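Structural overview for review
Chain by chain, the residues:
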Amino acid sequence: MLMGTVQDNFEIRAVLAEQLKKVNHKIVHQWSLRLVDHVNSVYTREIPGDTRLTDLLAQPKSADASVAALAIARSLEDKPAAQAVAQATGFALNPADSHENALTAADYAAKAIGLADPAKVMQERAWQLAQLAKLIAKQREKALKAHKH
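Cut-offs applied
Residues numbered from 1 in each chain as written. Predicted model: local features only at pLDDT ≥ 70, side-chain atom pairs only at ≥ 80, totals over all residues. Heavy atoms only, no water. 1 Å grid on protein atoms, 1.4 Å probe; cavity = no way out; pocket = protein on both sides within 12 Å on 5 of 7 lines; lining within 4 Å. Points joined across faces, edges and corners; volume = space filled by probe spheres on them. Helix = DSSP H or I, 4+ residues; strand = E, 2+ residues; numbered from the N terminus. Nonpolar A, V, L, I, M, F, W, Y, C, P; charged D, E, K, R; others polar. Axes fitted to C-alpha atoms, helices over the stretch in contact; angles between N-to-C directions. Parallel < 35°, antiparallel > 145°, perpendicular 65-115°, else oblique. Left-handed = near helix turned anticlockwise from the far one by under 90°. Contact = heavy atoms within 4.5 Å.

**A closer look at the layout of surface pockets**
Volume-wise, the largest pocket comes out at about 160 Å³. Taken together, Asn24, Lys26, Ile27, Gln30, Arg34, Leu135, Lys138, Gln139, Lys142 and Ala143 make up the lining of the largest pocket. Residue assignment for the lining of the largest pocket shows that the elements contributing at least two residues are helix 2 (25–46) and helix 7 (121–148). Its residues placed into classes, the lining of the largest pocket shows three nonpolar, three polar and four charged.

**Focus on the packing of helix 1 (residues 10–20) against helix 6 (residues 99–116)**
Look at helix 1 against helix 6: their axes get within 10 Å of each other, and the N-to-C directions meet at 155°. The angle between helix 1 and helix 6 falls in the class roughly antiparallel. Our pair here, helix 1 against helix 6, has a crossing hand that is right-handed. Between helix 1, through Arg13, Leu16, Ala17 and Leu20, and helix 6, the contact on the second element is made entirely by His99, Glu100, Ala102, Leu103 and Asp107. Here the residues of the contact of helix 1 with helix 6 are counted per class, giving five nonpolar, one polar and three charged.

All we've got here are geometric facts, nothing functional implied.
Structure below.
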């Protein structure tokens, strides 16, 4: 899959989409926030000292925070990797907690990594999938423990 000027892996993205359908909104929320936290260094490298996204991530998810992050993204047309991080943050902070918003956040996170270093897109997608698998395993473990008690 082509994301702007970044070559993505459709197979891993399809697995992510399928796995996201199987998890609850809490997992979706945790995963999408991990994604943007993971790529925030791309933003801070391009815009040192700018804490706007970090400040938004410190707040609860809200429509206002999502809109603010997307407004930041629109202001960064001259810094495409930072713009992709801001877009990822905007979708991750969307209070709807939809699986589609999380997948879109993942797409923008992969794009940010790819714009910073095209060779690392596959590594980023694998990391995203591994993080989702860890959260799913943790969810199953909690469910098993609750069932035993």
